[in-house]
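# Breakdown of the fold
One-letter residues, chain by chain:
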Amino acid sequence: MRRSILLLALLSSLSALADPATPPVAKWTLLDQNDKPYTLDNDAQVLLVARSMAAAKLVNAAIDDAPEGYLEARNVLYVADIEKMPSLIKLVAVPAMRSAKYRILLDREGRVAGQYGGDRETVQWLALKDGAVVREQRFTDGEQLKQAIAKQPHQ
């Protein structure tokens, strides 16, 4: 009986590895700046990841003048990795983010942003299909990022 269970576990592991066309998708949940949870779902088409204040400023420059719901209408998520932000700065920055007209998913421990690689100097644009990354771009210019977001099909 014990061998049967081990054999079944091994076979299911091997079958998962045998199909590289369907990479595993890591589902995750983060709280936004208003402490509302969001769980990655299959509707998300783009994930913007900012890992520094400089990168966050690029995102803000690209969408600050956009109407409320602009990112959501385009199935774009914005994740701010605030793990390395000093605690005192977080005490001021997070409440200030609550005035934003768009949802900012806060990665307080860097556990989500860390899954996607990337760097701290650029905004990472991850095109998603069914929650899996299918393409990656990096932005260092707010205007180019703004144009890329504007090209996203919206509901």
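Residues numbered from 1 in each chain as written. Predicted model: local features only at pLDDT ≥ 70, side-chain atom pairs only at ≥ 80, totals over all residues. Heavy atoms only, no water.

## Details of the packing of helix α2 (residues 53-63) against helix α5 (residues 142-150)
The test is simple: An axis is simply a line fitted to the C-alpha atoms; with a helix, the fit covers only the stretch in contact. Between two such axes, the angle follows the N-to-C directions and lies from 0 to 180 degrees. Numbered from the N terminus, helices here are DSSP runs of H or I no shorter than four residues, and strands are runs of E no shorter than two. When describing relative orientation, an angle under 35 degrees is termed roughly parallel and one over 145 degrees roughly antiparallel, while 65 to 115 degrees is termed roughly perpendicular and anything else oblique. If you view the pair so one helix is near and one far, a crossing is left-handed when the near helix is turned anticlockwise from the far one by less than a right angle, and right-handed when it is turned clockwise. Any two residues having at least one pair of non-hydrogen atoms within 4.5 Å are treated as being in contact. Residue polarity is assigned by list, with Asp, Glu, Lys and Arg as charged and Ala, Val, Leu, Ile, Met, Phe, Trp, Tyr, Cys and Pro as nonpolar; anything else, Gly included, falls into the polar class.
Viewed as axis vectors pointing N to C, α2 and α5 meet at an angle of 55 degrees, and their least axial separation amounts to 8 Å. Between α2 and α5, the angle falls in the class oblique. As α2 runs across α5, the sense of the crossing is right-handed. In contact with L58, V59, A62 and I63 of α2, α5 contributes G142, L145, K146 and I149. Residue composition of the contact of α2 with α5, by class: six nonpolar, one polar and one charged.

## Topic: the sheet that holds strand β1 (residues 29-32)
So the rule is basically this: Strand pairing follows a simple DSSP-based rule, namely that at least 2 bridges must link the two strands.
Taken in spatial order, the seven strands line up as β2-β1-β5-β4-β3-β6-β7 in an open sheet, and their pairing is mixed. The open sheet is flanked by β2 (37-39) and β7 (132-139), the only strands paired with a single partner. Sheet twist, expressed as the average angle between the axes of neighbouring strands with direction ignored, equals 35 degrees. Where β1 and strand β5 (residues 105-107) come together, two bridges link them in antiparallel fashion. Residue pairing across strands places L31 opposite L106, the latter belonging to β5. On top of the sheet, α5 reaches β3 (46-50), β6 (123-129) and β7; it is set at about 15 degrees to β6, its chief contact.

## So, the packing of aromatic side chains
To keep things clear, this is the line we draw: Centres within 6.5 Å are what make two rings of Phe, Tyr or Trp a pair, Trp counting through its six-membered ring; a difference in plane orientation under 30 degrees is then read as stacked, over 60 as edge-to-face, and the rest as tilted. Residue exposure (1.4 Å probe, protein chains only): buried if accessible area is under 20% of the type maximum, exposed if over 50%, otherwise partly exposed.
The full count for this structure, using the stated rule, is three aromatic pairs. Between W125 and F139, the aromatic rings sit 5.7 Å apart at their centres with planes inclined by 55 degrees, giving tilted as the arrangement. Note that W125 is positioned in strand β6 and F139 in strand β7, a separation of 14 residues in sequence. A single burial state applies to W125 and to F139, both of which are buried.

## Thoughts on the confidence of the model for the chain
Caution applies to low-pLDDT regions: their predicted coordinates should not be interpreted in detail. Applicable threshold: The predictor's confidence in any single residue is recorded as pLDDT, a number from 0 to 100.
A residue-level look at the chain finds 83% of positions with pLDDT of 70 or above and a mean pLDDT of 86. Within the chain, helix α1 (residues 2-18) has the poorest average pLDDT of any element, 38, and β3 the best, 98.

## Notes on a nonpolar patch on the surface
Selection criterion: Residues forming no salt bridge and having over 30% relative accessible area are the ones grouped into patches, like charges within 9 Å of each other and nonpolar side chains (Val, Leu, Ile, Met, Phe, Trp, Tyr) within 5 Å. Methods summary: accessible areas were calculated by the Shrake-Rupley approach with a probe of 1.4 Å, and residue burial reflects only the protein chains presented. One speaks of a salt bridge when a side-chain nitrogen belonging to Lys or Arg is within 4 Å of a carboxyl oxygen belonging to Asp or Glu.
Where nonpolar side chains cluster on the molecular surface, the patch consists of L88, L91 and V92 and spans about 370 Å² of accessible area. For L88, the position within the fold is in helix α4 (residues 87-97). We classify L88 as exposed; its relative accessible area is 67%.

## Looking at the nonpolar core
Going by this rule: Only buried residues count toward a nonpolar core. Its members are Ala, Val, Leu, Ile, Met, Phe, Trp, Tyr and Cys residues joined through side-chain atoms within 4.5 Å.
Within the largest apolar cluster, 30 residues are counted, with the highest numbers of intra-cluster contacts made by L48, Y78, W125, L145 and I149. Looking at this core, the elements that each hand over two or more residues are β3, α2, α3 (70-73), β4 (76-81), α4, β6 and α5. Of all the elements, α2 adds the most residues to this core, at six residues. Excluding residues that lie within four positions of it along the chain, W125 makes contacts with V46, L47, L48, R135, E136, Q137, F139, L145, A148, I149 and Q152. Of all hydrophobic cores here, the second largest spans 15 residues; its members include L30, L40, A44 and A113.

## Description of the pairing of β3
Counting buried residues along β3, five of its five residues qualify, which places the element largely inside the surrounding structure. Alternating residues of β3 divide into V46, L48 and A50 and L47 and V49, and every residue in both groups is buried. Sheet analysis places β3 next to β4, joined by five bridges and oriented parallel. Following the sheet pairing, L47 is matched in β4 by L77. Where β3 meets β6, five bridges bridge the pair, whose relative direction is antiparallel. If you follow V49 over to β6, its bridge partner there is Q124.

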